[in-house]
Amino acid sequence: MSGMILLQNTAWLPEAASSIAPEVDSLFHFWTLVSAIIFVGVVGAMTFFVVRYRRRRRDEVPEPVQEKKVVELAWIVVPTILVLIVFAWGFRVYIKMYTAPPDAYEILVHGYQWYWEFEYPNGVKTTNELHVPAGQPVKLRMTSVDVIHSFYVPAFRVKQDVLPDRYSALWFEATRPGEYTVFCTEYCGTQHSGMLAKVIVHPREEFEQWLESAGIPEDMPLAELGARLYREKACFSCHSIDGSRLVGPSFKGLYGSTRTFEDGTTAVADENYLRESILQPGAKVVQGYPNVMPASYASLSEREVAALIEFIKQQQ
Ligand code: CUA
């Protein structure tokens, strides 16, 4: 297919960083160019005829239009050929885009309101950071834990809906190391617009190293681990640390404050309150903040819960 790559000026498109991107862009540019030519042709001809055959005298009767087989044939045959070219071309790119090579490296993707979780073959999990090797096909097997999301990496020119109760898949081969943005492109609730992730493309050897060292070290201090979990478990997508209002209460000044609940009762936010709020978010619901926290946080380890509490305590 590389023979069909043309018009590579992508100044007006996002950078192209996957093996399929130049092919998608070529098809896009080809069709844009053809459309532009047709547009100019049609508008030009229209303008010409309007001026050339305008009525000059009140009693003027126009010549009857003669049937011209050649002209008629041309406007049937030319568009048909164009459409067939684009169909055949598009179909080839489409098949390539949706058929992962059998040796692709497979990563599991879970969509949550409102973050992405990635699970690697060795059990390592990351949140909102997808690490992949450059120059190797990567297949994402994706499913959603709640509502429909959509996984979109403009730099790779790949996009695929992520659905609850079934797998969808996409694949790409990143061509060069760097960081690229993942957008959720299916409206999935309040924080949809904040459901962003990064694809971090490593040189191949570096990826192996990253994968080996990606586990959380046992001797990491609690506060530091808490800060890391806040990021990696995507607490930030609903809880700010600067006091600004997101879906959930801000962590700033949370510890030690008096909370008022939906039933009118109050409690001081101490360690036990924070623990309960993480593990059973529906137990006490703060006024003005309906509970939409995923139940998945109940699977945090004791140490992780302690680390998050430590982190929240620091946000004064
Ligand atoms: Cu997830 Cu929009």
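Our structure is the block above this text.
If you're wondering where the values come from, they're calculated on a predicted model, not measured in any experiment.

A.B. asks: Mind showing me how you'd approach the environment of Y167 here?
C.D. replies: Relative to the helices and strands, Y167 resides in the loop between β7 (158–162) and β8 (168–173). Measuring from C-alpha to C-alpha, the distance between Y167 and R259 comes to 41 Å, with 92 residues separating the pair along the chain. Setting aside residues no more than four positions away along its own chain, Y167 makes contact with L108, R141, M142 and T143. A distance of 3.2 Å separates the side chain of Y167 from the side chain of R141, its partner in a polar contact.

A.B. asks: Looking at this model, I keep getting lost on the packing of aromatic side chains. Mind explaining?
C.D. replies: Working definition: an aromatic ring pair is given by the centre-to-centre distance plus the angle between the planes. If you walk through the whole model with that rule in mind, you get 18 aromatic pairs. A centroid spacing of 5.7 Å and a plane angle of 20° characterise the contact between F87 and F91, whose relative ring orientation is stacked. Residue F87 and its partner F91 are located together in helix α2 (residues 69–98), separated by four residues, close to a single helical turn. For F87, a relative accessible area of 53% translates into the label exposed. The exposure class of F91 is partly exposed, given its relative accessible area of 45%. An angle of 50° between the planes, with centres 6.4 Å apart, marks the rings of Y115 and Y297 as tilted. Taken together, the positions of Y115 in strand β2 (residues 115–119) and Y297 in the loop between α5 (271–279) and α6 (302–314) put the pair 182 residues apart, joining distant regions of the chain. Each member of the pair Y115 and Y297 is classed as buried.

A.B. asks: Would you mind going over a negative patch on the surface with me for this structure?
C.D. replies: Residues E205, E206, E208 and E212 make up a contiguous surface patch of negative charge. Inspection of the secondary structure puts E205 in helix α3 (residues 204–213). Using a relative accessible area of 57% as the deciding quantity, one classes E205 as exposed.

Quick notes on the rules
Residues numbered from 1 in each chain as written. Predicted model: local features only at pLDDT ≥ 70, side-chain atom pairs only at ≥ 80, totals over all residues. Heavy atoms only, no water. Helix = DSSP H or I, 4+ residues; strand = E, 2+ residues; numbered from the N terminus. Contact = heavy atoms within 4.5 Å. Polar contact = N/O pair within 3.5 Å; in protein donor to acceptor, adjacent residues only side chain to side chain. Phe/Tyr/Trp six-rings, centres within 6.5 Å; stacked < 30°, edge-to-face > 60°. Buried < 20%, exposed > 50% of the residue type's maximum accessible area, 1.4 Å probe, protein only. Patch = residues over 30% accessible without salt bridge, like charges linked within 9 Å, V, L, I, M, F, W, Y side chains within 5 Å. Areas by Shrake-Rupley, 256 points an atom, 1.4 Å probe, with all protein chains shown as cover. Salt bridge = Lys/Arg side-chain N within 4 Å of Asp/Glu carboxyl O. Lys, Arg positive; Asp, Glu negative; His and termini not counted. Charge placed at Lys NZ, Arg CZ, Asp CG, Glu CD.

Remember that the coordinates give geometry; whether it matters functionally is a separate question.
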